[in-house]
Structures are given as structure tokens and as C-alpha cells.
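An overview of the molecular structure
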Amino acid sequence: MTNPFDDTSATFSVLVNEYQQHSLWPSFAATPKGWVAMFGPDSREACLDYVSQTWTDMAPRKVAELAASQ
């Protein structure tokens, strides 16, 4: 069985959680609790491009906020 996240012909969305972490998510799967679709559905490449352009700080939001307050 092929990993659905590696399927270049599949349709995906980009999900974001409360910490502003991003996830590539196959469109056939239900959105998990605590995550919101922010982009897509679109091609895997388009979703990865979106993530590269919008998720520029890999630190979870609360960690980044703590660091900024010190």
C-alpha cells in the first residue's frame, strides 16, 4: 500500500491548528478535531508551495509568543 501523503496525483488541503502548525492532508480524509482547512483542495505541489510561503516559523505559536515576550 502506498502512503497517501506521497501520492502526487491526489488532491490535498493544508490544515492549521491552534499553534499555527501546518499539515498536508489528503482530501479523502476527514479533518481531525482541532484543525482547520486553510488552503485547498488542490494539488500536492500547490499545497506544499502554500505551506512554504505561509509557515515561515516552525516554532509553535505559544513558544514564539513566549520568546518574543522575554
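All residue numbers here refer to positions counted from 1 along the written sequence of the relevant chain. For a predicted model such as this one, the threshold for reporting local features is a pLDDT of at least 70, and the threshold for listing and counting side-chain atom pairs is 80 or more; totals across whole chains, interfaces and linings nevertheless cover every residue. Heavy atoms throughout the structure, all of them, feed into the side-chain values; hydrogens and water do not.

1. Observations regarding the overall build of the protein
Elements are defined by DSSP. Helices are runs of H or I of four residues or more, strands are runs of E of two residues or more, and each kind is numbered from the N terminus. Each helix and strand counted, the protein has two helices and three strands in total. Counted from the first residue to the last, the protein has its helices and strands arranged as β-β-β-α-α. Here's how the labels work: a residue is buried when its accessible area is under 20% of the maximum for its type, exposed when over 50%, partly exposed in between, all with a 1.4 Å probe on protein chains only. Among the 70 residues that make up the protein, the fraction classed as buried is 21%. We call two residues in contact when some of their heavy atoms are within 4.5 Å. In the protein, of all internal contacts separated by at least 6 residues, the share reaching a separation of at least 24 is 43%. Only the protein chains shown count as cover for residues, and the accessible areas themselves come from Shrake-Rupley with a 1.4 Å probe. Working note: accessible area of the protein is about 5,000 Å², and carbon and sulfur atoms make up 54% of it.

2. Things to note about the sheet that holds strand β1 (residues 11–17)
A sheet is described by the order of its strands in space; here three strands give the open sequence β2-β1-β3, paired in antiparallel fashion. Strand pairing shows two members of the sheet lacking a second neighbour, β2 (22–26) and β3 (35–43), which therefore form its edges. Here the average twist between neighbouring strands, direction ignored, is 30 degrees. Sheet strands in contact with helix α1 (residues 44–54) are β1, β2 and β3, and its direction is about 130 degrees off that of β3. Strands are treated as partners if at least two bridges between them are detected by DSSP. For helices, the fitted line uses only the C-alpha atoms of the stretch in contact; every axis is such a line through C-alpha atoms, and the angle between N-to-C directions lies from 0 to 180 degrees.

3. Some words on unusual backbone geometry
Cis geometry marks the peptide bond from G40 to P41, where omega comes out at 5 degrees. Turning to its location among the elements, P41 is positioned in strand β3. One non-glycine residue, Q20, adopts positive backbone phi at about 65 degrees. Tracing the backbone shows Q20 in the loop between β1 and β2. Here Q20 falls in the partly exposed class, since its relative accessible area comes to 39%.

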